[in-house]
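Topology and contacts: notes
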Amino acid sequence: MHILIAALHRPSNPTGVCRYAANLAQCLADTPEVSKVTLIIGVWQRQYFEQLFHSDKIKLISVDIKNNSLVRNIWFLFGLPILVNSLSPDIVHMSFPFPFLRPLFSSPVVSTIHDLYPYEKPEVFGYPNVIFNRLFLKQCIQNSNSLTCVSQTTLSSLHSYFPHLQSCSEISVIYNYVDFNHITPQPPVDLNIGKNDSFLLCVAQHRKNKNIDLLIQAFYLLKKYEPIPHSTKLIIVGNTGPETERLYNQIQYLLLQDQVLLIRAIKDEELCWLYQKCQVFIAPSSQEGFCLPLAEALYFSCRVVCSNIPIFREIAGSSCCYFDIQGDAVKNISQAILDALEQPHNQTSDNFHFSKSDVARQYLKFYSKIICINPTFRTSICSIYTSIISSIRIKY
C-alpha cells in the first residue's frame, strides 16, 4: 500500500498539524502492509521533517512555492492533483482541511478533521479570514471520500455543524499517538534554565483559545503572594500567532521578562527534557480538537493541570487537576497548580491509550475499507487534466 500524505502548511516551525503528519507517516511506515509513504511539505518545512524519520519507506517531497495563502491554496487546487496523479498512490490523506477539486484526483482522498474552530472559535482567525476557513473546511468535508476525526469531541462538533453527515458511515475517530522511544532527552541549548531550576510548562500556540494570558496572570499571582518559590519560571513553548504581541506586552507590564520564557523553535529532544523536568504541565485552553501536548505530558507522567472541558476529560480522564474556566479563571488556575504541586511526582496515568501500534492498526483498517469501496478509482477527467497541463513545471 502506498499512502501519500499532504502536509504542506504555512508555519516554518512545527505545529500540532505538522506533528500529526509526521506521526502518521512514521506509524504507517512501521507496518508491513505499507510499502511506501510519500509526505508532501513546503520547502520551508523540510528542516523539521528531515530530522524526524528513521525509515527508508518515507519519501519527502518539498514543494517550492511562495509561502502565502493565495499561492498555497492555488497549489492545493491545481498543483497537488498533478503531483498525486504522477505518483499514483493508493490513498491520498489530507492531514488537515484545505481546498481541493475532487474530480482531478486519480486516487481516493481522505481528510483529517482536527477541530471546528472556524465555527466554534471564529475569533481565532478573525474576520474576514474566518469566512475563507469555513469555506475551505466545508469544501474539504464535502469532497473527501472519507473523514477521520482526532477525538469523539471533534466528531460531535462535526455532526453538530454538518448534520447531514450523521448518516455517513465513512467517518472514523482515530486518536493521535505519542511515541518518544527513539528520542534521547537533552536540555534546551538556548534556554536560560539549569538542571536544578524549577519551572511550570505550557505548550501552545499563541491563539486566543489557548488562554495563555490567563496562565501568565495566574503565575504572577502565585509569585506575588509567594506560594511558589521565587526562582520558579514559566516556560511557554509554541508558535507565534494573533496573541503574540499582547502576550509580550503583558509580560513586560507585569515585569516577568526574566521569569516567563516564550520559546518558538525547539527540538523534540529538548521538548522531552522539558516534559520530564517540569514541576507542572498546564493546558488552560477553552477549546481544543485533541491537544497533543496534553497526551505527551501524560506519556511522561507529568503533574497536569488543565481546564475542565470535554476533550480534556476524554483524553486525560482522572489523571489531571481540573479547573473551571468560568468565573474567576485566574484564581482557579492558581489553586489547581497549588493542588497539583502537592501530588506525588511521576504518577502513572491510568488512562493512557495513545499507542503507536493501535493507531497504525486503525488506519490500516480504515484505508483498506476505502480501497475496497473504490477498487478502480481512475477517471477519464484525471487523465485529460493531467495531459493538458503536463507541460506545467513545478519545482519539488
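Here goes a summary of the coordinates provided. Keep in mind that what you see is a predicted model, and the values were worked out from it rather than measured.

**Quick notes on the overall build of the chain**
What the chain contains, in helices and strands, is 14 helices and 13 strands. The C-alpha atoms of the chain give a radius of gyration of 22 Å, which matches the 21 Å a tight globule of 396 residues would have. Taking the principal axes of the C-alpha coordinates as reference, the chain spans close to 70 × 45 × 40 Å. Going through the 396 residues of the chain one by one, you find that 58% of them count as buried. Sequence separation of at least 24 residues holds for 71% of the intrachain contacts in the chain that already meet a minimum separation of 6.

**Considering the nonpolar core**
Residues Leu201, Ile235 and Phe281 are the most contacted members of the largest nonpolar core, which totals 42 residues. If you list the elements that add at least two residues to this core, you get β8 (199-203), β9 (233-237), β10 (260-263), α9 (268-277), β11 (280-283), α10 (292-299), β12 (304-307) and α11 (310-316). Contacts of Leu201, omitting those with residues within four sequence positions, involve Ile235, Val237, Leu274, Tyr275, Cys278, Val280, Phe281 and Ile282. Grouped together as the second largest cluster of nonpolar side chains are 33 residues, Val37, Tyr48, Leu52 and Ile174 included.

**Here we look at helix α3 (residues 69-87)**
Taking 1.5 Å as the rise per residue, α3 with 19 residues should run 27 Å; its terminal C-alpha atoms sit 25 Å apart, in good agreement. Where α3 bends most, at Phe76, the angle is about 45 degrees. What α3 keeps buried is the set Arg72, Asn73, Trp75, Phe76, Gly79, Leu80, Pro81, Ile82, Leu83, Val84 and Asn85. Of the residues that open α3, the one with a side-chain oxygen 3.3 Å from the backbone nitrogen of Leu70 is Asn68. Phi turns positive, to about 50 degrees, at Ser88, one or two residues after α3.

**Concerning the environment of Asn181**
Position of Asn181 among the secondary structure elements: in the loop between β7 (171-173) and β8. Assessed through its relative accessible area of 66%, Asn181 is described here as exposed. Side-chain polar atoms of Asn181 contact the side chain of Asp179, separated by 3.0 Å.

**Side note on the sheet that holds β9**
Spatially, six strands are ordered β10-β9-β8-β11-β12-β13 in an open sheet, and the strand pairing comes out parallel. This sheet does not close on itself; its edge strands, each paired only once, are β10 and β13 (321-323). Each adjacent strand pair in this sheet contributes to an overall mean axis angle of 20 degrees, direction not counted. With three bridges joining them, β11 and β12 adopt parallel strand pairing. Counted as the bridge partner of Phe281 is Val304 from β12. Against the sheet, helix α7 (residues 212-224) touches β8, β9, β10 and β11, its axis set at about 170 degrees to β9.

**With respect to α7**
Its 13 residues place the ends of α7 18 Å apart at the C-alpha level, agreeing with the 18 Å of an ideal helix rising 1.5 Å per residue. Listed in full, the buried residues belonging to α7 are Ile212, Asp213, Leu214, Leu215, Ile216, Ala218, Phe219, Leu222 and Lys223. Where α7 ends, the next residue or the one after it, Glu226, has phi of about 60 degrees, a positive value.

**Considering the sheet that holds strand β2 (residues 36-42)**
Strands sit in the order β3-β2-β1-β4-β5-β6-β7 across an open sheet of seven strands; the sheet is parallel. The sheet terminates laterally at β3 (58-63) and β7, the two strands that pair on one side only. Strand-to-strand, the axes of this sheet are offset by a mean angle of 20 degrees, without reference to chain direction. Of the strand pairs in this sheet, strand β1 (residues 2-6) and β2 are connected by five bridges, and their pairing is parallel. Bridging across to β2, Ile5 finds its partner in Leu39. Contacting β1, β2, β3 and β4 (91-94), α3 crosses the sheet at an angle of about 165 degrees to β1.

**Notes on the packing of aromatic side chains**
Under the criterion given, the structure shown has 18 aromatic pairs. A centroid spacing of 6.0 Å and a plane angle of 65 degrees characterise the contact between Trp75 and Phe76, whose relative ring orientation is edge-to-face. For Trp75, a relative accessible area of 5% puts it in the buried group. A relative accessible area of 3% places Phe76 in the buried class.

**Some details on the pairing of β12**
Of the two faces of β12, the one holding Val304 and Cys306 and the one holding Val305 and Ser307 are both buried throughout. The sheet contact formed by β12 and β13 spans three bridges and is parallel. Residue pairing in the sheet places Val305 in a bridge with Cys321 of β13. Handedness of the crossover joining β12 and β13 through α11 is recorded here as right-handed.

Calculation rules
- Residues numbered from 1 in each chain as written.
- Predicted model: local features only at pLDDT ≥ 70, side-chain atom pairs only at ≥ 80, totals over all residues.
- Heavy atoms only, no water.
- Helix = DSSP H or I, 4+ residues; strand = E, 2+ residues; numbered from the N terminus.
- Rg over C-alpha atoms; globule rule 2.2 N^0.38 Å.
- Buried < 20%, exposed > 50% of the residue type's maximum accessible area, 1.4 Å probe, protein only.
- Contact = heavy atoms within 4.5 Å.
- Core = buried A, V, L, I, M, F, W, Y, C linked by side-chain atoms within 4.5 Å.
- Expected span 1.5 Å × (residues − 1).
- Bend = angle between axes of the 7 residues up to and from the residue.
- Polar contact = N/O pair within 3.5 Å; in protein donor to acceptor, adjacent residues only side chain to side chain.
- Pairing = 2+ DSSP bridges.
- Axes fitted to C-alpha atoms, helices over the stretch in contact; angles between N-to-C directions.
- Phe/Tyr/Trp six-rings, centres within 6.5 Å; stacked < 30°, edge-to-face > 60°.
- Right-handed = clockwise from strand over helix to strand, strands pointing away.

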